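# A closer look at the structure
What follows is each chain in one-letter form.
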Amino acid sequence: MVATLRLSAAMLPGWSKASLTVILRRPREQEHGFAGCGVGATLRWIDAADRAAHVTDDRAWPLLDASSGPRVVSAGLPPAPRSASEGKGVMKKGGILNPAICSLLAELGHTDELLIVDAAYPLPTDGHVIDLTLTPGIPRLLDVVRAVAEELVIESFAVPAEIKDYSPRLFQEMVKLLGDIDVDEVPFHEFREQSLDVKGIIRTAEFSPYANIRLVAGSAF
């Protein structure tokens with residue numbers, strides 16, 4: 001059995017919608033009435049456009065405590081329509097989860113270049129930039145380089161020559177992480193000029209001076 005109760009906004013302070021609909025469902029084992037049977041309830045946003053389509057579908061809606069009046073336990077906007085693949089676990093098992101970076105790495109061909117830079121790097125106005133900055137140091141440049149290196153064949157890389165003087169520890173960690181491949185060290189102004197035609201740029205929240213690296217994609221075969 002299903003019953004519908006209309007609530008005004010005044011009954012639920014702080015809610016912005018003009019009205020709510022509560023669907024009360026009687027437990028199957030109960031045969032008579034709602035009183036005293038510990039009914040379950042679900043809270044629905046209802047408007048004129050979707051009332052006919054959704055008024056009886058209460059799956060995945062937040063619960064309302066029906067034992068002592070309309071006290072909201074949890075609430076939210078209606079979920080997106082369910083698809084046929086919902087609940088089948090389509091998320092990646094690991095590796096990079098950022099969809100923009102996954103797409104960029106998949107587009108790289110042999111000798112294409114990818115630039116990973118610190119928070120202060122002057123970004124080109126027409127470049128393909130993926131900005132990951134959140135707060136200072138999150139994420140670090142080395143975190144992003146490590147994640148990319150696990151998914152991309154890297155033939156060689158280049159860094160500003162100044163990084164060895166201003167951020168020597170970071171430079172040594174880069175070399176250790178990327179292994180025995182060619183390293184090109186050039187002055188920063190040349191590094192910038194050489195990086196104008198890279199396939200993409202990933203901006204990190206690294207705050208170390210001259211913490212920039214240009215990766216040259218290799219081939220897996």
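We now turn to the structure provided with this report. Here the structure is a predicted model, which means the values were calculated and not measured. (Residues numbered from 1 in each chain as written. Predicted model: local features only at pLDDT ≥ 70, side-chain atom pairs only at ≥ 80, totals over all residues. Heavy atoms only, no water.)

Further remarks concern the packing of aromatic side chains. Taken as a whole, this structure holds three aromatic pairs when the rule is applied. Ring centres 6.1 Å apart and planes at 90 degrees place the aromatic pair Tyr121 and Phe188 in the edge-to-face group. Here Tyr121, found in the loop between strand S6 (113–117) and strand S7 (129–131), pairs with Phe188, found in helix H6 (residues 188–194); they are 67 residues apart in sequence, far enough to count as distant. For the pair Tyr121 and Phe188, a shared accessibility class is recorded, and that class is buried. Joined through ring pairs, the aromatic side chains of Tyr121, Tyr166, Phe188 and Tyr210 make up one cluster. (Phe/Tyr/Trp six-rings, centres within 6.5 Å; stacked < 30°, edge-to-face > 60°. Helix = DSSP H or I, 4+ residues; strand = E, 2+ residues; numbered from the N terminus. Buried < 20%, exposed > 50% of the residue type's maximum accessible area, 1.4 Å probe, protein only.)

What follows covers a negative patch on the surface. A surface patch of like charges, here negative, comprises Glu155, Asp180, Asp182 and Asp184. Within the secondary structure, Asp180 sits in the loop between helix H5 (168–178) and strand S9 (182–186). Residue classification places Asp180 among the exposed positions, given a relative accessible area of 83%. (Patch = residues over 30% accessible without salt bridge, like charges linked within 9 Å, V, L, I, M, F, W, Y side chains within 5 Å. Areas by Shrake-Rupley, 256 points an atom, 1.4 Å probe, with all protein chains shown as cover. Salt bridge = Lys/Arg side-chain N within 4 Å of Asp/Glu carboxyl O. Lys, Arg positive; Asp, Glu negative; His and termini not counted. Charge placed at Lys NZ, Arg CZ, Asp CG, Glu CD.)

The residue Ser167 is located in the loop between helix H4 (163–166) and H5 in this model. For Ser167, a relative accessible area of 6% translates into the label buried. Apart from the residues lying within four places of it in its own chain, the contact partners of Ser167 are Ser208 and Pro209. (Contact = heavy atoms within 4.5 Å.)

This part is about the sheet that holds S9. With respect to topology, six strands assemble into an open sheet ordered S7-S10-S6-S11-S8-S9, the strand pairing being mixed. Of all the strands in the sheet, the pair left with one neighbour each is S7 and S9. Taking each pair of neighbouring strands and ignoring which way they run, the sheet shows an average axis angle of 20 degrees. Pairing of S7 with strand S10 (residues 200–203), which is carried by three bridges, proceeds in the parallel orientation. Bridge pairing in S10 links Val129 to Ile201. Against the sheet, helix H3 (residues 141–149) makes contact with S6, strand S8 (154–160), S10 and strand S11 (213–217), and its axis sits at roughly 155 degrees relative to S6, the strand it touches most. (Pairing = 2+ DSSP bridges. Axes fitted to C-alpha atoms, helices over the stretch in contact; angles between N-to-C directions.)

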